[in-house]
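Next come the chains, spelled out residue by residue.
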Amino acid sequence: MAKMNKKWVALCSTAIGAIYAAGYFATETQATIQQPQQQVQVTQTKSSQINRLYKEGTYMGTGSNRRGSIQVAVTIKSDKITDVEISHFAMHYTIDDVVGLPQEVVQKQSAQVRNVSGATYSTQAFKDAVQDALSQARNS
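Residues numbered from 1 in each chain as written. Predicted model: local features only at pLDDT ≥ 70, side-chain atom pairs only at ≥ 80, totals over all residues. Heavy atoms only, no water.

Asks: I would appreciate a short explanation of the overall build of the protein chain in the present structure.
Replies: Each helix and strand counted, the protein chain has 3 helices and 3 strands in total. Its helices and strands in sequence order give the protein chain the pattern α-β-β-β-α-α, from N to C terminus. Taking the intrachain contacts of the protein chain between residues at least 6 apart in sequence as the baseline, contacts between residues at least 24 apart amount to 46%. About 9600 Å² of surface is accessible on the protein chain, with carbon and sulfur atoms providing 55% of the total. (Helix = DSSP H or I, 4+ residues; strand = E, 2+ residues; numbered from the N terminus. Contact = heavy atoms within 4.5 Å. Areas by Shrake-Rupley, 256 points an atom, 1.4 Å probe, with all protein chains shown as cover.)

Next comes the structure, spelled out in structure tokens:
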């Protein structure tokens, strides 16, 4: 095989890099422009579904598994989750692991909170308890 001149190698490498970069930035720009519109539509859809689904009031929910049980009180006002309190905690570990989850439910307007590492069973029982309360609050 013939030896290539270093100038040609540098020129070809630069050309390939420029083509790759142009394609990357064009794709990234399109994704950035389209993504926020999609997120707004999803948020509006979820918000309108919540507005039609829940009755006002405070509802008790329970979640349990092999590590214990959790009971929560979920308050709904103006068709939104306004407050979540852990009213009873009887899990294997301490309540300190899941103490931030009620605020996350209020922020997300959903029982689908992040999993707490090291407190998987407590997190799941909490999610189940909130979901139980929300099921009771649904308009039938």
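Resuming the write-up.
Asks: It is not clear to me how the nonpolar core should be interpreted in this structure. Could you clarify?
Replies: Side chains that are nonpolar tend, in soluble globular proteins, to be buried together. Val74, Val84, Phe126 and Val130 are the most contacted members of the largest nonpolar core, which has 25 residues in total. Per element, the largest residue contribution to this core is 7 residues, and it comes from helix α3 (residues 120–137). (Core = buried A, V, L, I, M, F, W, Y, C linked by side-chain atoms within 4.5 Å. Buried < 20%, exposed > 50% of the residue type's maximum accessible area, 1.4 Å probe, protein only.)

Asks: Even after reading the chapter, I still don't get the sheet that holds strand β2 (residues 68–77), so can you show me in this structure?
Replies: Think of a sheet as strands paired side by side through backbone hydrogen bonds, with each pair either parallel or antiparallel. Taken in spatial order, the 3 strands line up as β1-β2-β3 in an open sheet, and their pairing is antiparallel. Strand pairing shows two members of the sheet lacking a second neighbour, β1 (57–65) and β3 (80–91), which therefore form its edges. For this sheet, the mean angle separating the axes of adjacent strands, direction not counted, is 20°. Summarising the sheet, β2 and β3 pair through 10 bridges and their orientation is antiparallel. Bridge pairing in β3 links Thr75 to Asp83. Across the sheet, α3 is in contact with β1, β2 and β3; its angle to β1 comes to roughly 145°. (Pairing = 2+ DSSP bridges. Axes fitted to C-alpha atoms, helices over the stretch in contact; angles between N-to-C directions.)

Asks: Which parts of the structure should I look at to understand the environment of Gly118?
Replies: Position of Gly118 among the secondary structure elements: in the loop between α2 (101–108) and α3. Taking C-alpha positions, Gly118 is 8.1 Å from Asp97, a pair spaced 21 residues apart along the chain.

Asks: Would you mind going over unusual backbone geometry with me for this structure?
Replies: Working note: non-glycine residues mostly have negative phi, and peptide bonds are mostly trans. Of note in the backbone geometry, Ser78 takes a positive phi value of approximately 50° without being a glycine. Summarising the element assignment, Ser78 is placed in the loop between β2 and β3. Phi at Gln109 takes a positive value of approximately 55°, unusual for a residue other than glycine. Its place among the elements puts Gln109 in the loop between α2 and α3.

Asks: Would you take a moment to explain the pattern of salt bridges for this structure?
Replies: Oppositely charged side chains can form a pair if their charged atoms are brought close together. On inspection of all chains with the given rule, the structure shows 2 salt bridges. As a salt-bridge pair, Arg114 and Glu104 come within 3.3 Å of each other at their nearest N and O atoms. Of the two residues, Arg114 sits in the loop between α2 and α3 while Glu104 sits in helix α2, which places them 10 residues apart along the sequence. Accessibility expressed as a relative area gives 47% for Arg114, which makes it partly exposed. Beyond isolated ion pairs, a larger network of salt bridges with shared partners links Glu104, Lys108 and Arg114. (Salt bridge = Lys/Arg side-chain N within 4 Å of Asp/Glu carboxyl O.)

Asks: In this structure, what is going on with α2? I would like to understand it.
Replies: Two residues of an α-helix separated by three or four positions point the same way, owing to the 3.6 residues in each turn. Among the residues making up α2, those that are buried are Leu101, Pro102, Glu104, Val105 and Val106. Those residues of α2 that are buried are in contact with β3 and α3. Positive phi shows up at Gln109, right after α2, with a value of about 55°.

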